[in-house]
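# Coordinate inspection notes
Here is how the chains run, residue by residue.
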Amino acid sequence: SSLKSIVIFQLKKIFKNFHGAEFAFSGCRKQTTPAEPVYPISTNGEMFPWAQLRLPQSIQPLSYELTLNPDLDKMTFTGTTVITMTVRHDTKRIVLHSANLNITKATFKLGDGKATDVTVLEYKPRQQIAVKFSEELKAGQQCVLTLNYSANLSHTYDGFYNSSYSDKDGNKRVLAATQFEPLSARKAFPCFDEPSFKATFQIKISRKPDYMTLSNMPKAKTTSLPSGLQLDEFEKTSVKMSTYLVAFVVANFTPISKNVSETLVSVYSVPEKKEHTEYALDTACKLLEFYNSFFEIVYPLKKLDLVAIPDFLAGAMENWGLITFRETSLLVGKQSSLLEKQVVASVIAHELAHQWFGNLVTMSWWNDLWLNEGFATYMQYMSLQTGNLFLDVRFRALEKDALNSSHAVSTEVNTPEQVEEMFDSVSYEKGASILLMLNASLPGDQQFRKGIIQYLNQFSGLNTDTDNLWNSLTQVELYLLFCSQVDVSTQHQNVSEMMSSWTSQKGFPLVTVDRKGDQVTLTQEHFLQVKHTVVSLGYCITWYMVSECVYSYVVVVGVFFIFLSETLKVPQSIKWLKLNHGNTGFYIVHYGDDGWAALIDALINNVNVLTPEDRASLIHNMFALSRLGRVSFRQVLSLLNYMTNETETPPVTEALLQLNNIYRLLDKRQETDFVSRMKVRILSYFGSLMRNQTWDEEISVSKQELRSALLETACNLNVDSCIRQAKALFKKYVESNGTAHIPGDLQRVVFTVAAQSEESWSTLLEKYSKVSYDAEKRKMLQGLASTQDTRILKEGLQGNIIQTQELPLVINTVSSSFSGYLFAWDFIQENWNQLIEKFPVGSFSIQKIIKSTTSQFSTQAHLNQVQGFFSSLKERGSQMRSVQEALETIRLNQRWMDRNLPSFNEWL
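The numbering scheme is per chain: residues are counted from 1 as the chain's sequence reads. Only residues with pLDDT of at least 70 get local features here, since the model is predicted, and only at 80 or more are side-chain atom pairs given and counted; chain-wide, interface and lining totals rely on the full set of residues. Here the side-chain values reflect all heavy atoms present in the structure, with hydrogen atoms and water set aside.

The next subject is the sheet that holds strand E8 (residues 142–152). When DSSP finds at least two bridges between two strands, those strands are taken to pair. The way it works is that DSSP assigns letters per residue, a run of H or I at least four long becomes a helix, a run of E at least two long becomes a strand, and they are numbered from the N terminus. In spatial order, the strands read E5-E4-E8-E2-E1-E11-E14-E13; together these 8 strands make up an open sheet with mixed pairing. Each edge of the sheet is formed by a strand with only one pairing partner; in this case those strands are strand E5 (116–117) and strand E13 (219–224). Inspection of the sheet shows strand E4 (residues 102–110) paired to E8 by 8 bridges, in the antiparallel sense. Within E8, the residue paired with Phe108 across the bridge is Leu145.

Encoded structure:
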């Protein structure tokens, strides 16, 4: 009977989906024959046999044999790529990727036949090469394509690129490393450079005797060559991999190692920083054991290397068996704060999670990048239990997703720039947020875990899409219901039905609470700052809390689902309702004037009537509704009146962030009267808490987060006591020649205050050039960039004293100050061509640069400037989603100011 009910339920679902489908008609259309594709012309003048961005599916690579010969003196390399392939469909062409490679010879062998020379055609705009045949290759045949080539090592941060650093004696050391995700393996070797073309790899790399090499697999042997070089040969990969996960490094690094669960875990760094690698090794070993157990699938490779690259743009990259990191994301000094260690642990947790989500099971195409990044982000917070950090990133993801310029978690991707743009907070943080929401909504504490184990086992070594994930979770759900003898036909939704709308459309719900007597009506609509589109809403998952009588206790009432509206009964003795308990749901709640008033009254009477996370979520929701125009800024201030009794990190840091955003907007409009009133208001909320902060070592991570936020705000507002303490700490630090330690969570505020004086700025720059610990160095850089001295921007572009990898951080820091934000905007306009040479159009770095230089504009004049500049770029960036986001943000800032400034005098 249970099996019968499952069948009935599935049939109902199919009928419901069919019956509820919406069709769009634009009149009758005459059937037409599809137009023949227009083939482009290759570099030699012949017709190129392919006309699409995506490669044809007729050929499947099985294995690659790569031999690479880098010359770190000339900054060039040569290579040989041998690709064994199988023919899936009859075809007269082989099309694959190659970028900036000079192919010197190509041969082709079919089956057991003889290898013959072939001509390689190239179409550079799509980074594709092709070989044409006069006779068809037949399905089922195997063939081998061998390509010899030469190229320059890349001078940017992708492909096979060169890097350098200074050793302890001041000597320049050169190295070469790789960064292939998303589209740059083709810059190191010709390949089928799409995630779905998985294959095995065997890699050989030549080097000088005083260098070492690393790749995905352990080294099999080393051979001395007649030239005096040595050839390192690595084992053939024991797993099939996507090309973007291949990696190799040629350097002079030093490892520390430990065996864990039959895997050799090693952390590599430049020799001078070996003492900073122990924390990373210990953390990686613990996390590897945790993931092996949690996923019930043992990490499949013999070794796992974590490598700190001195010049590396991304935070880290999950190459299978050879994870590469920026030094600040992996290395931890002996005096590092717990907050700094938490950052490193989070990055390691994220990259190790990728060894399952992304490497073992990989999305079929970049439209479903969230299957990699959303899961890795979710696991990094879940594995380390870093609740405060996860709460904050969920808030920030909601803000981005409220914009019309946002995109669906799973969305169409048709250009290289669109591929780059997928690496944003929607794929990462929103993806993680909806997984958290799903986990919290499923019955029992193991259903979600069992579902993802089923997903990993079912698609191990394969490629997937979003539907595969939801179907795996649904299968587990139905199985558990079957085992528990539940009548499945009575269930109103399954995972696939419930979650598909969360990934197929942008945005999130706004749930409005309307209470009349004992009737509470919850209605759902699309939360959108500027309404240009109409979307079909799916289920909203809602948790709620109620208070009995005079707040004698709080009851968490289970989970229920609403479509467009839902009505429930609540006794009139209940004083208030708080939805979205723990903020585990990805939506915003509006309680109406009476509902907000009841919650505010409850908090003023007893701040602990809600958890810190729920208090933070009320603050975030209230500011979001103010930006939407659903509540007045007076109501925002009314809620914040309880803050004088607040001491917990999540609500304080969220309130400070929101108020500082408004303060900076007013400051950059030169609304001096309102700026001074905002300062008074902020200090009235937090002045007492600011004064209570110590400047000594703090052992609690949460308290370090709280202290740094409070003191940075205090010093930014020129609170005398804060400025004095920061200057005194810096003076002590300088006079001790760096031996007097500044607590890690206070370094940024101390260095920022110190840098405001010209003499201390020069001292800080000198210290910056000598300090070896990277986290401290980065905070010095933020201090240097917080002033009117624009030399820092030019230095970051040139990459001499300041590495170019830090330029997005420098621009962001310069933009945040009143004295620097116009300099930063002028800088990116004047240097745009150089910026997109160093950072790809659409990349996360370019997204960050655009956001940081434009997000604090709020006038029509600045809107016109930004619109005019980006419109003039055409193919150099005018169509980027981040440009649309910038324009939308400026309009929203302008709207908020127009709506609220007239009443500011009265409110403040």
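Still more to cover.
Attention now goes to helix H10 (residues 495–504). Judged by how many residues are buried, H10 sits mostly within the fold: 8 of 10 residues are covered. Type-normalised accessible area, obtained with a 1.4 Å probe on protein chains alone, sets the label of each residue: buried when under 20%, exposed when over 50%, and partly exposed for intermediate values. Those residues of H10 that fall on the buried side of the exposure criterion are Val495, Ser496, Glu497, Met498, Met499, Ser501, Trp502 and Thr503.

One side-chain nitrogen of Lys or Arg within 4 Å of one carboxyl oxygen of Asp or Glu is enough to make a salt bridge. If you walk through the whole model with that rule in mind, you get 34 salt bridges. Note that Asp282 and Lys286 form a salt bridge whose closest N and O atoms lie 3.2 Å from each other. In this pair, Asp282 and Lys286 both sit in helix H2 (residues 278–295), 4 residues apart, roughly one turn of the helix. The class of Lys286 is exposed, set by a relative accessible area of 53%. Two residues, Arg630 and Glu525, come together in a salt bridge whose shortest N-O distance is 2.9 Å. A residue pair is termed long-range when its members are at least 10 positions apart, and Arg630 in the loop between helix H12 (612–628) and helix H13 (633–640) and Glu525 in strand E24 (residues 519–527) qualify at 105 residues. Take Arg630: its relative accessible area is 34%, and that puts it in the partly exposed class. Given a relative accessible area of 24%, Glu525 falls into the partly exposed group. Salt bridges sharing partners connect three or more residues here, namely Asp392, Arg396, Glu399 and Glu654.

Attention shifts here to the UniProt feature "binding site: Zn(2+)" (unreviewed entry) in the protein. UniProt's entry tags His350, His354 and Glu373 with the feature "binding site: Zn(2+)" (unreviewed entry), counted in the numbering of this structure. Spanning 24 residues, the named residues nonetheless gather at one spot, since no C-alpha pair among them exceeds 8.5 Å. Taking the relative accessible area as the measure of exposure, His350 reaches 6% and is therefore buried. Any two residues having at least one pair of non-hydrogen atoms within 4.5 Å are treated as being in contact. Aside from chain neighbours lying at most four places away, what touches His350 is Glu373, Ala376, Thr377, Gln380 and Tyr428. Within the fold, Glu373 resides in helix H4 (residues 370–384). Judged by its relative accessible area of 1%, Glu373 falls in the buried class. Not counting residues up to four positions away in its chain, the partners in contact with Glu373 are Glu181, Glu318, His350, His354, Phe423, Ser427 and Tyr428. Among the polar contacts listed, one links the side chain of Glu373 to the side chain of His350, at a separation of 3.0 Å. UniProt positions are given in the numbering used here, feature names are shortened, and annotations may be inferred rather than shown by experiment. The definition of a polar contact used here is a pair of N or O atoms within 3.5 Å, where within protein one atom must be able to donate a hydrogen and the other to accept one, and adjacent residues in sequence count solely through side-chain atom pairs.

Further remarks concern unusual backbone geometry. The omega torsion across Glu181 and Pro182 is 5°, close enough to zero to call that bond cis. Here Asn583, not a glycine, exhibits a phi torsion of approximately 55°, which is positive. Among the structural elements, Asn583 can be located in the loop between strand E28 (577–579) and strand E29 (588–590). A residue is classified by how much of its surface remains accessible, and Asn583, at 1% relative accessible area, is buried.

Let's shift gears to the pairing of strand E15 (residues 248–251). Two faces, one strand: in a regular strand the side chains alternate between the faces of the sheet. Residues Phe248 and Val250 line one face of E15 and the alternating positions Val249 and Ala251 line the opposite face, and both faces are buried. Alignment of strand E12 (residues 212–215) against E15, held across 4 bridges, turns out to be antiparallel. Along E15, the bridge assignment pairs Met212 with Ala251.

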